[in-house]
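Report on the structure
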Amino acid sequence: SYPRTESTGYPQGFDMRGVLSAQAKSRDWGDYVRYLLDGGMTSPRPGKDVGDHPPITPMALVSEAELGGGDAWRLYDLVARHFIASVSPDATYLATKLCFETTGPGVEKHYFVANGKVPKFAGFTSILHRSSLQTS
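The structure contained in this document is the topic of the report that follows. (Residues numbered from 1 in each chain as written. Predicted model: local features only at pLDDT ≥ 70, side-chain atom pairs only at ≥ 80, totals over all residues. Heavy atoms only, no water.)

**So, the pattern of salt bridges**
Scanning all chains against the criterion turns up five salt bridges. A salt bridge links Asp77 to Arg81, with the shortest nitrogen-to-oxygen separation between them at 3.0 Å. Taken together, the positions of Asp77 and Arg81, both in helix 4 (residues 70-86) and four residues apart, correspond to about one turn of that helix. For the pair formed by Asp77 and Arg81, the shared burial category is buried. (Salt bridge = Lys/Arg side-chain N within 4 Å of Asp/Glu carboxyl O. Helix = DSSP H or I, 4+ residues; strand = E, 2+ residues; numbered from the N terminus. Buried < 20%, exposed > 50% of the residue type's maximum accessible area, 1.4 Å probe, protein only.)

In structure tokens form, the structure reads like this:
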């Protein structure tokens, strides 16, 4: 779609399912798109619709070979994955924080904090790999 827009939200009535369906035959993300179409699709977060154009959206499926690879493919890949992620479920993880202190007779107090997280459901990070949840 038009690459110069200030809109961050889709207009009412925008055919999200139709745009998503166009991506279902991709060899790169088609399996994930079919999962979304089979019931995993969510509504994108609301944004600002300034009325000129919807947010940048992949309007057709193309392959890396059709675009000639390189920067053109990397840009299309980013736009397509971002759109698909926008209609994907949230990612979830279990976060743990452990705080403790040590002390003893004649010993200075020391405070320790450890944080960790374990992915529970990948959600949108299944398609938008730069945002993937890592165990820490």
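Next, the rest of the story.
**What to know about the pairing of strand 2 (residues 107-121)**
As defined by bridge partners, strand 1 (residues 92-104) adjoins strand 2 across 12 bridges and the pair is classed as antiparallel. The residue of strand 2 that forms the bridge with Cys99 is Val113. The turn linking strand 1 back onto strand 2 is made up of two residues, and Gly106 within it adopts a positive phi angle of 70°. (Pairing = 2+ DSSP bridges.)

**Focus on the packing of aromatic side chains**
Across all of its chains, the model carries seven aromatic pairs by this definition. With a centroid separation of 5.6 Å and an interplanar angle of 40°, the aromatic rings of Tyr32 and Tyr35 are classed as tilted. Taken together, the residues Tyr32 and Tyr35, both in helix 2 (residues 30-40) and three residues apart, mark about one turn of the helix. Take Tyr32: its relative accessible area is 15%, and that puts it in the buried class. (Phe/Tyr/Trp six-rings, centres within 6.5 Å; stacked < 30°, edge-to-face > 60°.)

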